[in-house]
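Survey of secondary and tertiary structure
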Amino acid sequence: MAEAIDIRELNIRIEQQSAFLTNLIQGMNQVIVGQKHLVDSLLIGLLSDGHILLEGVPGLAKTLAIKTLSQLVDAEYSRIQFTPDLLPADVIGTMIYSQKDEKFLVKKGPVFANFVLADEINRAPAKVQSALLESMQEHQVTIGSDTFSLPKPFLVMATQNPIEQEGTYPLPEAQVDRFMLKVVIDYPSIEEEKLIIRENLQSGLPQVKPVVSSEEILKARDVVRQVYIDEKIEQYIADIVFATRYPDRYGLADMKDLISFGGSPRASINLAKAARAYAFIKRRGYVVPEDVRAVAHDVLRHRIGLSYEAEAMNVTSEELISKIINKVEVP
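In this text the structure is predicted, and so the values were computed from the model without any measurement.

Conventions used here
- Residues numbered from 1 in each chain as written.
- Predicted model: local features only at pLDDT ≥ 70, side-chain atom pairs only at ≥ 80, totals over all residues.
- Heavy atoms only, no water.
- Helix = DSSP H or I, 4+ residues; strand = E, 2+ residues; numbered from the N terminus.
- Rg over C-alpha atoms; globule rule 2.2 N^0.38 Å.
- Buried < 20%, exposed > 50% of the residue type's maximum accessible area, 1.4 Å probe, protein only.
- Areas by Shrake-Rupley, 256 points an atom, 1.4 Å probe, with all protein chains shown as cover.
- Pairing = 2+ DSSP bridges.
- Axes fitted to C-alpha atoms, helices over the stretch in contact; angles between N-to-C directions.
- Left-handed = near helix turned anticlockwise from the far one by under 90°.
- Contact = heavy atoms within 4.5 Å.
- Salt bridge = Lys/Arg side-chain N within 4 Å of Asp/Glu carboxyl O.

Observations regarding the overall build of the protein chain
Helix and strand counts for the protein chain come out as 14 helices and 13 strands. Whereas a compact globule of 331 residues would reach a radius of gyration of roughly 20 Å, the protein chain reaches 21 Å, a difference of no more than 12%. With respect to the three principal axes, the spread of C-alpha positions in the protein chain is 70 × 50 × 50 Å. Within the protein chain, the proportion of its 331 residues that are buried is 47%. For the protein chain, the computed accessible surface area is about 16600 Å², with 51% contributed by carbon and sulfur atoms.

Below you can see the structure in the form of structure tokens.
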């Protein structure tokens with residue numbers, strides 16, 4: 001009974017703390033037509049302190065969506081356009097010698113912001129991509145012998161183009177794993193496309209103003225951490241991730257040769273965190289299996305390694321995740 005009261009109280013707190021979500025979603029919808037899944041994914045990353053990798057062909061409003069979100073939150077925003085000649089110092093900053101002071105001074109790079117847009121992240125070599133690794137995982141940057149903490153909230157949102165192979169560098173597995181979600185964006189429907197044409201021809205894009213402060217986001221994150229996850233849901237999350245590692249244990253023996261490696265414990269952690277944030281967006285104080293299923297593809301699609309056999313048979317990680325979700329027993 002005490003637990004029921006706690007959840008009731010939590011539901012009331014969530015109702016109060018999540019009021020800003022309505023304004024955020026309205027603001028996003030003013031600028032972005034359709035793409036509901038993209039908007040939800042950005043909110044999940046924002047609420048659960050997770051970085052996001054967006055993949056889609058050019059022109060699907062990836063950059064625009066991230067920029068709009070940063071305008072709606074009263075926070076600092078910076079954009080880094082990744083190119084093959086970019087240097088790590090262009091991302092994190094460097095030491096500059098000051099003749100006036102006769103000493104080296106630290107010049108901070110664009111990574112020192114609340115929202116960092118890494119545009120076309122796969123255009124830069126591994127050395128530059130790895131410069132982001134420390135900031136993404138430890139929320140700090142080391143320049144010379146000094147270590148600096150990054151502002152809170154800190155969110156890296158990277159975009160990549162899946163169609164061009166020339167002049168691109170695939171992200172190393174270690175870095176891809178640092179992204180909480182990998183969101184694949186598809187074309188809009190024909191009705192949405194007509195609306196996009198109309199809006200862009202009429203008056204250009206509407207300007208949005210901040211509707212929420214960084215402090216409110218941090219407070220909301222505290223509430224998200226309190227969203228209740230039952231032991232059965234924890235078991236369900238563990239089963240899904242274990243099925244990516246040992247499919248034969250879950251009656252999926254035909255998948256064994258298609259997967260070279262499954263999700264790491266980071267997959268389980270992020271699946272639980274994302275499910276919590278999704279429950280919060282739905283104004284609920286507890287996680288249900290549908291929340292886990294709703295975020296499973298985005299959390300797992302970049303964490304499953306496909307074997308040569310799978311690639312030869314044109315099997316995608318999407319299909320494997322769908323099979324696992326349909327097979328693993330729902331609590």
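Details of the sheet that holds strand 3 (residues 77-81)
The strands making up a sheet associate through backbone hydrogen bonding, with each pair oriented either parallel or antiparallel. Read from one edge to the other, the open sheet built from 5 strands follows the order 3-6-9-1-10, with strand pairing classed as parallel. In this open sheet, the two strands that pair with only one neighbour each are strand 3 and strand 10 (179-184). Averaged over all pairs of adjacent strands, the angle between strand axes in this sheet comes to 15 degrees, irrespective of strand direction. Bridge analysis of strand 1 (residues 51-55) against strand 9 (residues 155-160) gives 4 bridges, and the strand direction is parallel. The residue bridging L53 from the neighbouring strand is A158, located in strand 9.

Some remarks on the packing of helix 12 (residues 289-300) against helix 14 (residues 317-327)
Look at helix 12 against helix 14: their axes get within 10 Å of each other, and the N-to-C directions meet at 145 degrees. Relative to helix 14, the crossing made by helix 12 is right-handed. The segment helix 12 lies against helix 14, with R293, A296, H297 and L300 engaging E318, I321, S322, I325 and N326.

Side note on the pairing of strand 7 (residues 140-143)
Burial along strand 7 is one-sided: V141 and I143 are buried, and none of Q140 and T142, which face the opposite way, are. In the sheet, strand 7 pairs with strand 8 (residues 146-149) via 4 bridges, with the strands oriented antiparallel. Across the sheet, the residue bridging to V141 is F148, located in strand 8. Where strand 7 folds back onto strand 8 in an antiparallel hairpin, the turn is made up of 2 residues, including G144, whose phi is positive at roughly 65 degrees.

Thoughts on the pattern of salt bridges
Within this structure, the stated rule accounts for 13 salt bridges. Among the salt bridges present, the one from K182 reaches E55, with a minimum N-O distance of 3.2 Å. With a gap of 127 residues between them, K182 in strand 10 and E55 in strand 1 connect regions that are remote in the sequence. Comparing K182 with E55 shows no difference in burial state: the two are buried. When the shortest N-O distance is used, the salt bridge between E120 and R123 registers 3.4 Å. Here E120 falls in the partly exposed class, since its relative accessible area comes to 23%. You can call R123 buried: its relative accessible area is 15%. When salt bridges with common partners are traced through the structure, they connect D177, R266 and R303 into a single cluster.

Some remarks on unusual backbone geometry
Both trends apply: most residues other than glycine have a negative phi, and most peptide bonds are in trans. Here the amide bond leading from K152 into P153 is cis, since omega sits at -10 degrees, within 30 degrees of zero. With phi around 55 degrees, E102 is a residue other than glycine that occupies positive phi space. Assignment of secondary structure puts E102 in the loop between strand 4 (93-98) and strand 5 (103-108). Judged by relative accessible area, E102 falls into the exposed class, the value being 62%. In this model, R283 sits at a positive phi of 60 degrees, which is unusual for a non-glycine residue.

Overview of the environment of L132
If you trace the backbone, L132 turns up in helix 6 (residues 126-138). For the pair formed by L132 and Q207, sequence separation is 75 residues and the distance between their alpha carbons is 30 Å. Sequence-distant contacts of L132, defined by excluding residues within four places in its chain, comprise F82, V91, V111, A118, I121, V156 and Q175.

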